[in-house]
Amino acid sequence: MTDTATAVEHLDVVIVGAGISGVGGAYHLTTQRPGTNFVVLENQESFGGTWITHTYPGIRSDSDLHTFGYRFKPWTGVPIASAEEILTYMGEVIDENELASHIRYQHQIDTAEWSSADRRWTLGVRRLDTGEHVAFTCNFLWMCQGYYRHSAGYTPEWPGMDRFDGPVVHPQLWPDDLEYEGKNVVVIGSGATAATIVPAMAAKTSHITMLQRSPTYFAAGRNENEVAVMLRELDIDEEWVHEIVRRKILFDQSQIAEAAVYFPEMVKDELYGRMREYLGDDYDMEPHFAPSYRPWQQRLAFVPDGDLFQAIAAGEASVVTDEIETVTETGIELASGETLDADIIVTATGFDLNVLGDIAFTIDDEPLTFHDTVTWRGAMFTGIPNMLWVFGYFRASWTLRVDMLADFMVRLLNEMDQRGASVVVPEIPAADADMPLAPWVDPENFNPGYIMRGLHLMPRQGDKQPWIHTQDYWLDKDELPQAPLDDGSLRFS
Ligand SMILES: Cc1cc2nc3c(=O)[nH]c(=O)nc-3n(C[C@H](O)[C@H](O)[C@H](O)COP(=O)(O)OP(=O)(O)OC[C@H]3O[C@@H](n4cnc5c(N)ncnc54)[C@H](O)[C@@H]3O)c2cc1C
C-alpha cells in the first residue's frame, strides 16, 4: 500500500483482469456463489482483454467460438469470429448477468502484498483515469490477467532496423491511421497473427509478403460448423446446439491430437490436402509450409475459408522462408541474398510473457520469485496463499479452462467456509520433498517462442498429481472436478 492511498475497500475476492477469463470468473461467482463480495480490477478502459488490445486488420479468433465461448452462453455465429463479435458476446454476458457494477476499469494493480498476520492481500492500485492511488484488501486473488504483456509486443532486434525509411508496426500496437493502400508490405512472422493480417491487407496493398524464418502448420476449411448448420435446420434449441457442437468439436480435437502423436504423416497429409483446395493440386508445400516439428507441437491456427491461401493463389501475397541479414532504408536483405522491397514492415513476432500481470508480489514482506514455486494442477502455487491463476489451454480453447477453474474456485471457497478456514496454500508433503521438478511446460511437447523466452520466470511442476500442469483439457475435465482437497497437498488454516 502506498502512502498516498486515499481509500481502502475490502472484498472477499478480487479478480484481476476483465478479459474472457475475468468476465467468466465474475459470471460464475455471481451465479454459483451469490453474495460473494467481489470486484474485477482492469487497467484498460473496457472489457475484452486480448480482444480490445488487438486492432490489426482482420483481427479474429484462431479457434472456434463454440468452445472459445463460455459453456453457459450459446455461440450462435460462425466458428471463427472477429474481435468485434467476441466483444459483443462478452458485452451480452456482462449485461445479461448485471456484472458491470463489479468491474472497475482503468485500475492498474501495481503491488500485491500478502500478510499472514492479517490473513489477506493488500493491493496497491493506480487509477489511470484520476491518477489517484487506492488500496483494496481481499481474502482471495483470482488472477485472470492472461499470459502476455499488453502494453507492447515482442520485436527482435535486427541489424539496420533504425535506418528503415517506413513505419515498423507491431500488431499489438496497430496505428489507426496506417495507410497501406498500394504499398509493399512485409509481414515478419508465420503464426496466427501473420496469417490473419496478410489476407486482410492483401487486396489493398501493391504486394504483401509473409517473411518467415521457419514454417507453421495451418488448418484450412470453410468457416462453418456442419453439425451446427444441420441442428439449426432441424430447429433445435440454441442451448442444445451449443452443447452438442462443443462435444463434437472436443471429440474431434482429441482424435486429431492423438493422431498427431501416433500418425503425424497422416495428419500432415490431411492438412496439406485442405490447403491444396485453395492453393491448387500441384502446390509444393516445401519449403514454406513444411515445419520441422510434428503437427500440434505448436498451436494449430485455423485459416477460415483458406483466405491466406486464396491471397497467395491470386498472386496478391507470397511467402518467403529465409533469415533476415539486415534491414535497409527500403526493405530487407535476406541471408539467401534475395532482397524484399518494403514500404511498411509489420513485426508479427509475438508476445512477451508477462508473469502475474507485472504486479510486484510480496509474501510477508518477502518479494515473491514465482519461478521458485511449484504448481498445484497449473492453478495454484506453493507458498502463495489464497491465489489462483487461470492459464488456459494451448491446444484447446482457453475458455474451457475458465469455466472449469471457476467450478474449482467455487468448490474451494465452499470448502474453506465449511472448514472455517480463511487461508489455503499448496504445500508439498515432506515425503515428496525430493520430487523432481520440471519446467512449466515440457519444451518437447509445446514450444512456441514466447513460452521458451519466459520459461525461467514461470513456476515449475512436479512429476505426479497434484503437482502437474497437464495442459490437457481432456484429462483435466475428468480429474479436476474430483481433485481431492484433503490429500495433504493443500494446507487450510
Ligand atoms: C491475437 C490473439 C488471438 C488469440 N486467439 C485465440 C483463440 O482463438 N483461441 C484461444 O483459445 N486463445 C486465443 N488467444 C489466446 C488468448 O489470449 C486467450 O485465449 C484469452 O483471450 C486470454 O484471456 P484472459 O482473460 O485470460 O487474458 P487477457 O485477454 O490477456 O486479458 C487480461 C486483462 O487483464 C488486464 N491486466 C493485466 N495485468 C493487469 C494489472 N496488473 N492490473 C489490472 N489489469 C491487468 C489486461 O490489460 C487485460 O485486459 C489469442 C491471443 C491473441 C493475442
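In this text the structure is predicted, and so the values were computed from the model without any measurement.

Definitions and cut-offs
- Residues numbered from 1 in each chain as written.
- Predicted model: local features only at pLDDT ≥ 70, side-chain atom pairs only at ≥ 80, totals over all residues.
- Helix = DSSP H or I, 4+ residues; strand = E, 2+ residues; numbered from the N terminus.
- Buried ≥ 20, exposed ≤ 12 C-beta atoms within 10 Å, placed from the backbone.
- Contact = placed C-beta atoms within 7 Å.
- Axes fitted to C-alpha atoms, helices over the stretch in contact; angles between N-to-C directions.
- Parallel < 35°, antiparallel > 145°, perpendicular 65-115°, else oblique.
- Left-handed = near helix turned anticlockwise from the far one by under 90°.
- Near = placed C-beta within 6 Å.
- Domains from an automatic or database assignment.
- Nonpolar A, V, L, I, M, F, W, Y, C, P; charged D, E, K, R; others polar.
- Pairing = 2+ DSSP bridges.
- Expected span 1.5 Å × (residues − 1).
- pLDDT = per-residue confidence, 0-100.

**A closer look at the overall build of the protein chain**
On a plain count of helices and strands, the protein chain comes out with twelve helices and 23 strands. Dimensions of the protein chain, computed from the C-alpha atoms along their principal axes, are close to 70 × 55 × 50 Å. A burial count over the protein chain gives 41% of its 493 residues as buried. Contacts in the protein chain between residues at least 24 apart in sequence constitute 71% of all its contacts with a sequence separation of at least 6.

**Some remarks on the packing of helix H1 (residues 20–32) against helix H4 (residues 83–96)**
Interaxial distance between H1 and H4 falls to 10 Å at its minimum, and their mutual angle equals 25°. Considering the angle they form, H1 stands roughly parallel to H4. H4 is crossed by H1, and the crossing has left-handed handedness. Between H1 and H4, the contacting residues are Ile 20, Val 23 and Tyr 27 on the first element and Met 90, Val 93 and Ile 94 on the second.

**So, the site of the ligand**
Taken together, 31 residues sit near the ligand, with Gly 17, Gly 19, Gly 49, Gly 146 and Trp 398 positioned nearest. Mapped by element, the contributors of at least two residues to the shell around the ligand are H1 and strand E4 (107–115). The element contributing the most residues to the shell around the ligand is H1, with three residues.

**Some points on the domain arrangement of the protein chain**
The domains assigned to the protein chain are domain 1 (2–150 + 352–492) and domain 2 (161–347). Between the C-alpha centres of domain 1 and domain 2 there is a distance of 30 Å. At the junction of the two partners, domain 1 supplies 26 residues and domain 2 supplies 30 residues. Within the side of domain 1 that touches domain 2, the residues separate by chemical class into 13 nonpolar, nine polar and four charged.

**Brief notes about the sheet that holds strand E16 (residues 344–347)**
Across the sheet, five strands lie side by side as E7-E16-E8-E9-E12; this open sheet has parallel pairing. Each of the sheet's edge strands pairs with one partner strand only, and the pair in question is strand E7 (168–169) and strand E12 (317–321). Two strands pair when backbone bridges link them, and strand E8 (residues 184–188) and E16 are joined in this way by four bridges, in the parallel orientation. Bridge pairing in E16 places Val 187 opposite Val 346. Sheet strands touched by helix H5 (residues 192–202): E8, strand E9 (207–212), E12 and E16. Its angle to E9, the strand with the most contacts, is close to 170°.

**Concerning the pairing of E4**
Alignment of E4 against strand E5 (residues 120–127), held across eight bridges, turns out to be antiparallel. Pairing of His 107 across the sheet is with Arg 127, part of E5. Turn length for the E4-E5 hairpin, with the two strands adjacent in sequence and antiparallel, is four residues, and the turn residue Arg 119 shows positive phi of about 55°. Where E4 and strand E17 (residues 360–363) come together, four bridges link them in parallel fashion. Within E17, the residue paired with Trp 114 across the bridge is Ile 363.

**Concerning H1**
An ideal rise of 1.5 Å per residue puts 18 Å on 13 residues; H1 measures up with 18 Å between its terminal C-alpha atoms. Burial within H1 is extensive, with ten of its 13 residues counted as buried. Every buried residue of H1 is listed here: Ile 20, Ser 21, Gly 22, Val 23, Gly 24, Gly 25, Ala 26, Tyr 27, His 28 and Leu 29. For H1, the elements touching its buried residues are strand E1 (8–16), strand E2 (38–41), H4, strand E6 (133–143) and helix H10 (398–419).

**Structural notes on the environment of Thr 31**
Residue position: Thr 31 is located in helix H1. Separated by 289 residues in the primary sequence, Thr 31 and Val 320 place their C-alpha atoms 51 Å from one another.

**Things to note about the sheet that holds strand E14 (residues 331–334)**
Strand order in this open sheet of three strands is E13-E14-E15, and the pairing throughout is antiparallel. In this open sheet, the two edge strands, each paired with only one partner strand, are strand E13 (324–327) and strand E15 (339–341). The average angle at which neighbouring strand axes cross in this sheet is 20°, direction not considered. Pairing geometry for E14 and E15, over three bridges, is antiparallel. Each bridged residue has a counterpart across the sheet, and for Gly 331 the counterpart in E15 is Asp 341.

**Structural notes on the packing of helix H6 (residues 226–233) against helix H7 (residues 238–262)**
Following both chains from N to C, one finds H6 and H7 inclined at 155°, their axes separated by 9 Å at the closest point. What the angle tells us is that H6 and H7 run roughly antiparallel. Note that H6 runs across H7; the crossing there is right-handed. Across the interface between the two elements, Val 227, Ala 228, Leu 231 and Arg 232 of H6 pack against Val 241, Ile 244, Val 245 and Lys 248 of H7.

**What about the confidence of the model for the protein chain?**
Within the protein chain, residue pLDDT values average 95, and 99% of them lie at 70 or more. Within the model, pLDDT remains below 50 along residues 1–5, and this stretch shows nine contacts once partners closer than five positions in the same chain are excluded.

**Regarding the environment of Thr 205**
By the element assignment, Thr 205 lies in the loop between H5 and E9. Taking the number of C-beta atoms within 10 Å as the measure of exposure, Thr 205 has 20 and is therefore buried. In this view, Thr 205 contacts Tyr 180, Lys 183, Asn 184 and Val 185; residues no more than four positions away in its chain are not counted.

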